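Summary of structural features
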Amino acid sequence: MAVEQPKPSFVPVDTLRVRTVGSTARAAATGRPLVVFLAHLHSTTGKNLRVTVPLGMTYVHSYLKARFGDAIVTRQLTTTQEVDEALNEFVPDVFAFGNYSWNTALTNAVITVVKEKYPKVVVAVAGPNIPTEKSIAQAGLRRNHTTDFYISREGEQPLANLVEACLGATDPSDVKGTVVSGCYSLRKDGLILQGEPLDRVGALDEIPSPYLTGLCDGFLADPEYIPLLQTSRGCPYRCTFCVAGHDWWSKLRAFSVERVKEELDYIQARTSHPLLRIADENFGILPRDVEIAEHIRKIKDKHSYPSVVQVYTDKHLTKNVKQVTLLMRDLIPLNISFQSLDKQVLKNIKRVNVKDDAIEEAAAFARENGLVLSTELIFGLPGETIDSFTRSLDKVLDHRFDNVVIYALNVLDQAEMAFPEYREKFGLKTRFALSENGYSAYEHVQTFEMDELVVATATIPEQEYLEFFKFIFFFNFALFYGWLRELVFFFETNGVRATAIIRAMLADPAQCPTLAEYAGRFLAGHRAMMRDTREEVAELIREMAERQPEQVTDNQFGAMRYQYAVFSDLFTEGAFPAVVREFAQAGLRLHRDLSGQAPDDSLSEQLDVITELQIQSFIPLHEPVPEDVSIESRYDLVEWRKCNFRQPLADFTRAEPVTFTLHIEGYAYHERLWRSREQENIRRIYLRSFASTNANRRRHLHYSRQALPA
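Residues numbered from 1 in each chain as written. Predicted model: local features only at pLDDT ≥ 70, side-chain atom pairs only at ≥ 80, totals over all residues. Heavy atoms only, no water.

1. Comments concerning the confidence of the model for the chain
- The predicted model of the chain averages 86 in pLDDT, with 87% of residues at 70 or higher.
- Here residues 1-23 is modelled with pLDDT under 50, and outside its nearest four sequence neighbours on either side it reaches 48 contacts, counting other chains as well. (pLDDT = per-residue confidence, 0-100. Contact = heavy atoms within 4.5 Å.)

Here you go:
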């Protein structure tokens, strides 16, 4: 049970006196500490936010506190309401904002209001999408003229340097337009000043733990916040679509193992949220990560926390990754993120090429150890074609990945893919759409966070690119959470490719009316969200906020989020069994076309069993169902699964029928959701469930106790 902890108290400024050794010009003149506000803002209206503890902000806070002691007093803010309340009590000397792709517009709006009321406040903005190139930073500062300093990359040292400069000035506002190490600033004449670039924080333990110093207690006590843990910083890979692909981030640095363990214990004792998120780019890349995983295992076994760990493991199936995954087998899948399996595409995005034997090793390891094997691909990467992408999917299916998800390609600020020369080289055409939780309102100003989505490349024309999203929608439905997994592999082992079935279904809507309805609904909604400019998107959302405010505030934007919304429609409207049967019949028709003959009775019987298994495996969230259901078959479904669906189901025929049990793991989780339907819209229950990853969205197949094989 979580222990409720109060937020650290904040002492009014006029009651504090500087107790640090020595004095500063400003402290001597005013007799009070420097007031520093730190903000990491999230949407004012969005639901199902998936908000994590603002770890970056609290790292900065702990670093400043250790460096300056009582020479400064600091407040942490995460909502606009908290900003307003803080400003009603105090006027800060320095106001620093964490800037990310999901809060840029809201941050700028708050800064504008702050500057209108208190023009002397020194405003700094830091974050991974802050420009690192001088020319781009200058354009940004000129465009957002209310910001005084930009900080890119790590924020602890540069912001400390800015605070130190303010402490050394009689009036903190005098530091505006001056040179500060690690910062960009803009003079009144429009000339940008660049302080001496700083290297990374060397020994990460120089940054005191914000958890162990109590700076995160208020967030841990709030059930809306998912605990976020960072055990290391840096990424040795160079992916062009990722901000961490920059050379500056290539060196790996780690917090001490003992500190990480203490943080895990601290989080477990205080958190009100069942999940844990690890922020490392490649957890398991270091041998010491195994020791951390062992500690998570001990906590889980003793305290039943966490229920799920959200983490990206290393891209390679190393000995470390194997051990980490085995230790946390019920908390994480074995995830090997490919993004593409086309050699030229991987070269274009500077992605490490994964060899076929390594993929086969991962699949075999997962099956031998009963692990869920998952992967991710990104559609439309530079150099990709529809055919090459489909071949990548076929290869993933050949290796029998349990969960496969396709993401739309999104251009991120400060990733190499965002630079003009890269866009031109690969013919990237983009459009804009409101991002997930991208709408906010503050001081009568509406703000809009934008995704920049690729809609065409030099190798995929726009119409073909967008039309393929129908395929993506159904493929994700089939294999993201495995809702059609057994049907997919049944046909794969009988010579019919799942990708070909989906294409055939989409080509003949009359044969598959239910699928056509939802795939069409998704594509229409996806296209309707996109505009050529950010301004056009803003105008669209302003109109929607007046006409359909619930849709704007109910978190139905962003490519993946809108996909979840249509999935939720499909489930709440009771269409799941129809989609399963349409896929089964479409596969049967394609099998007949390829073989040139009608299916025999055995194949039809097998298909009936798999279809029933697929329908029964689904766990509805809007109505209670029993913990166990049974299914009878003369085909050994458990042994078929154990062989990784490599052989036809017919190879597992038994002399007598066998009874199998389909069991819901984590039944208490589903009971909570069923109870909530009395207070909450059913559709929203589904939407909310997608906001947190849960490994048990399907029933698990077992022999019934009475039918264990001899």
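What follows continues from the structure just given.
2. Describing the packing of helix α9 (residues 288-303) against helix α10 (residues 319-327)
- One way to put it is that α9 packs onto α10 with a least axis distance of 9 Å and a crossing angle of 5 degrees. Taken as axis vectors, α9 and α10 run roughly parallel relative to one another. Across from Asp289, Val290, Ala293, Glu294 and Arg297 in α9, the residues of α10 making contact are Asn320, Gln323, Val324 and Leu327.
- Of the residues that constitute the contact of α9 with α10, the class distribution is four nonpolar, two polar and three charged. (Axes fitted to C-alpha atoms, helices over the stretch in contact; angles between N-to-C directions. Helix = DSSP H or I, 4+ residues; strand = E, 2+ residues; numbered from the N terminus. Parallel < 35°, antiparallel > 145°, perpendicular 65-115°, else oblique. Nonpolar A, V, L, I, M, F, W, Y, C, P; charged D, E, K, R; others polar.)

3. Description of the pairing of strand β17 (residues 445-456)
- Among the twelve residues that make up β17, ten are buried, leaving the element largely enclosed by the rest of the structure.
- Of the strand pairs in this sheet, strand β16 (residues 429-442) and β17 are connected by ten bridges, and their pairing is antiparallel. Bridge pairing links Ala441 to Gln446 in β17.
- Counted between consecutive antiparallel strands, the loop separating β16 from β17 contains two residues, among which Glu443 sits at a positive phi close to 55 degrees. (Buried < 20%, exposed > 50% of the residue type's maximum accessible area, 1.4 Å probe, protein only. Pairing = 2+ DSSP bridges.)

4. Here's the deal with helix α3 (residues 80-89)
- Here α3 has its buried residues at Thr80, Glu82, Val83, Ala86 and Leu87. Summarising the axial view, the buried residues of α3 lie within an arc of 155 degrees, below the 170-degree limit, and thus occupy one face. Every exposed residue of α3 that faces more than 90 degrees away from the buried side is listed here: Gln81 and Asn88. (Arc of directions from axis to C-beta.)

5. Here's the deal with the pairing of strand β15 (residues 403-408)
- Pairing geometry for strand β14 (residues 373-379) and β15, over six bridges, is parallel. What sits directly across from Phe379, in β15, is Ala408.
- Handedness of the β-α-β unit built from β14, helix α13 (residues 386-398) and β15 comes out right-handed. (Right-handed = clockwise from strand over helix to strand, strands pointing away.)

6. Considering the sheet that holds strand β20 (residues 700-703)
- Taken in spatial order, the three strands line up as β18-β19-β20 in an open sheet, and their pairing is antiparallel. Sheet topology places β18 (628-635) and β20 at the edges, where each strand pairs with a single neighbour. Sheet twist, expressed as the average angle between the axes of neighbouring strands with direction ignored, equals 30 degrees.
- Here seven bridges tie β18 to strand β19 (residues 653-663), and the two strands are oriented antiparallel to one another. Residue pairing across strands places Ser633 opposite Val658, the latter belonging to β19.
- Packing of helix α23 (residues 601-617) onto the sheet brings it into contact with β18, β19 and β20, and relative to β18 it is tilted by some 165 degrees.

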